[in-house]
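The residues making up each chain are set out below.
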Amino acid sequence: MLVTEPTDDAIAKAGAAIRAGRLVAFPTETVYGLGADATNARAVAEIFAAKARPTFNPLIVHVGSLDAAAALAELSPAALALGRALWPGPLTLVARRRADCAIADLVTAGLDTIAVRVPAHAAALALIAAAGVPIAAPSANRSGHVSPTRAAHVAADLGERVSMILDGGSCKHGLESTVLDVTGEAVRLLRLGAVTAATIEALTGRPVSRATVAERDGGGDGLPVSPGQLLNHYSPRARVRLDAERAWHGEALLAFGPVVPPHDGPVLNLSASGDLVEAAANLYAGLRELDDTGAASIAVMPIPREGLGEAINDRLARAAAGRLPQKG
Ligand code: TXA
Ligand code: MG
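What you see is a predicted model; the values in this text were computed from it and never measured.

Moving on: the overall build of the chain. Looking only at helices and strands, one finds 10 helices and 16 strands in the chain. Against the 2.2 N^0.38 benchmark of 20 Å for 328 residues, the chain shows a C-alpha radius of gyration of 19 Å, consistent with a compact globule. Partitioning the contacts of the chain with sequence separation of at least 6, the portion at a separation of at least 24 is 67%. Carbon together with sulfur atoms contributes 55% to the accessible area of the chain, which is approximately 13200 Å² in total.

This is the structure we're talking about:
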């Protein structure tokens, strides 16, 4: 596996690799993605194999522009307005697949909807342009594990299963994109992410509805609306203990804010100034770093649930829920 800075030469090679059906990991402003040609079913199958991802969990298709997204998905006026306001950026729209959409069925897990996003990272946009095809890309981690925010995380999780990693340093947001269902009249929040609910509400001028856990994760009949939101996502090896006032002996402490209780084990502060944007950017790398200390448990200090804190707490709750049996 080749790890390289996203120079013009490396981008050209990576684009050719995508066109040849290989997997390329690349930086985005949210987390690293594991990319393949979205029109090549074999290449897409390699993504599922490399991640050990259940094939009922559909992938996001990354494109270079709003027009390119609209060529794949039927975007309503409200969806187009959101795309115009927030793309390129950490927003994913789930809409009906166009009848003439050339994307492999495996990408959309057989659903009649498709998830599209225009990433903001310069290397991601350059890769999409060099490949000349839409790029299907989940986060570049083993399925169920913490998402990667640095090239080294990708290498640790996927190793030789990926032919090339474009190293763009640390991801700016550190949390995945916000996923919105825009198939109907009302915009529905399927996954909390780097764009806050308040931002979406300010743009649409109405409260955003949230998919219920049963809708997101299944449990009723039929397919879950957003199958990736299974409860065992984003888990480190260590147990995760939430809203901890202090850490116990043998634990690692994931701290937040200026006042940290004394602890004789590993301590990592997500943001000493109590800034939620900084905490989000440090969350996954922090979980991985404390996990690597070998601590059996990670105690996490309380993090406010407002703004980006809502998405941070969502990921931490999933990490703490531990490894539930996978469905399917
Ligand atoms: O920030 C991100 O979104 C990153 C970067 C690489 O772009 N990607 C990412 O992909 O987080 P992934 O595969 O880890 O998460 C995609 C989420 C999953 O929860 C999946 O179920 C949902 O999007 N999704 C994809 N297609 C969908 C569809 N047609 N309907 C509903 N949910 C969908
Ligand atoms: Mg993921």
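Read on, since the account is not over.
This next bit is on the pattern of salt bridges. For the structure on display, the rule yields 14 salt bridges. Measuring nitrogen to oxygen at the nearest pair gives 3.4 Å for the salt bridge that ties Asp105 to Arg97. On the accessibility criterion, Asp105 (55% relative accessible area) is exposed. Residue Arg288 pairs with Asp157 through a salt bridge whose shortest N-O separation is 3.1 Å. With Arg288 in helix α9 (residues 276–291) and Asp157 in helix α6 (residues 151–158), the pair connects residues that are 131 residues apart, well separated along the chain. One salt-bridge network, held together by shared partners, links Glu176, Asp314, Arg315 and Arg318.

This part takes up the confidence of the model for the chain. The predicted model of the chain averages 92 in pLDDT, with 91% of residues at 70 or higher. Note on residues 218–224: pLDDT under 50 across the span, and 10 contacts to partners over four residues away in sequence or across chains. Counting contacts from residues 324–328, a segment whose pLDDT is below 50, to residues more than four positions away or on other chains yields 11 contacts.

Quick look at the layout of surface pockets now. Taken as a whole, the largest pocket holds about 150 Å³ of empty space. Ser76, Ala78, Gly184, Glu185, Ala186, Val187, Thr204, Arg206, Pro207 and Val208 are the residues that line the largest pocket. In terms of residue class, the lining of the largest pocket is made up of five nonpolar, three polar and two charged.

Here we come to the environment of Gly21. Turning to its location among the elements, Gly21 is positioned in the loop between α1 (8–19) and β2 (24–26). Given a relative accessible area of 18%, Gly21 falls into the buried group. Here Gly21 is in contact with Asn40 and Ala43, once residues within four sequence places are set aside.

As a further point, take the side chain of Arg191. Locating Arg191 in the fold gives a position in strand β11 (residues 188–191). Within the structure, Arg191 has its side chain in polar contact with the backbone oxygen of Ser177 (distance 3.0 Å).

We now examine the pairing of β11. In this sheet, β11 lies alongside strand β10 (residues 178–181) in antiparallel orientation, the contact comprising three bridges. Bridge pairing in β11 links Leu180 to Leu189. Between β10 and β11, which follow one another and run antiparallel, lie six residues. Examined bridge by bridge, β11 and strand β12 (residues 209–210) share two bridges and lie parallel to one another. Across the sheet, the residue bridging to Leu189 is Arg210, located in β12. Remark: the β11/helix α7 (residues 197–204)/β12 crossover connection has right-handed handedness.

Take the sheet that holds strand β14 (residues 251–255) next. With parallel pairing, four strands are arranged side by side in an open sheet as β13-β16-β14-β15. The strands lining the two open edges of the sheet, one partner per strand, are β13 (239–241) and β15 (267–269). Within this sheet the neighbouring strands show an average axis-to-axis angle of 20°, counted without direction. Strands in contact with α9 are β14, β15 and β16 (297–300); relative to β14, the strand with the most contacts, it is inclined by about 165°.

The omega angle of the peptide bond from Trp87 to Pro88 is -10°, so this bond is cis rather than trans. The residue Pro88 is located in the loop between α4 (77–86) and β6 (91–97) in this model. Despite not being glycine, Asp243 shows a phi value in the positive range, around 50°. Residue placement: Asp243 occurs in the loop between β13 and β14. You can call Asp243 partly exposed: its relative accessible area is 40%.

Calculation notes
Residues numbered from 1 in each chain as written. Chains lettered and ligands numbered in written order. Predicted model: local features only at pLDDT ≥ 70, side-chain atom pairs only at ≥ 80, totals over all residues. Heavy atoms only, no water. Helix = DSSP H or I, 4+ residues; strand = E, 2+ residues; numbered from the N terminus. Rg over C-alpha atoms; globule rule 2.2 N^0.38 Å. Contact = heavy atoms within 4.5 Å. Areas by Shrake-Rupley, 256 points an atom, 1.4 Å probe, with all protein chains shown as cover. Salt bridge = Lys/Arg side-chain N within 4 Å of Asp/Glu carboxyl O. Buried < 20%, exposed > 50% of the residue type's maximum accessible area, 1.4 Å probe, protein only. pLDDT = per-residue confidence, 0-100. 1 Å grid on protein atoms, 1.4 Å probe; cavity = no way out; pocket = protein on both sides within 12 Å on 5 of 7 lines; lining within 4 Å. Points joined across faces, edges and corners; volume = space filled by probe spheres on them. Nonpolar A, V, L, I, M, F, W, Y, C, P; charged D, E, K, R; others polar. Polar contact = N/O pair within 3.5 Å; in protein donor to acceptor, adjacent residues only side chain to side chain. Pairing = 2+ DSSP bridges. Right-handed = clockwise from strand over helix to strand, strands pointing away. Axes fitted to C-alpha atoms, helices over the stretch in contact; angles between N-to-C directions.

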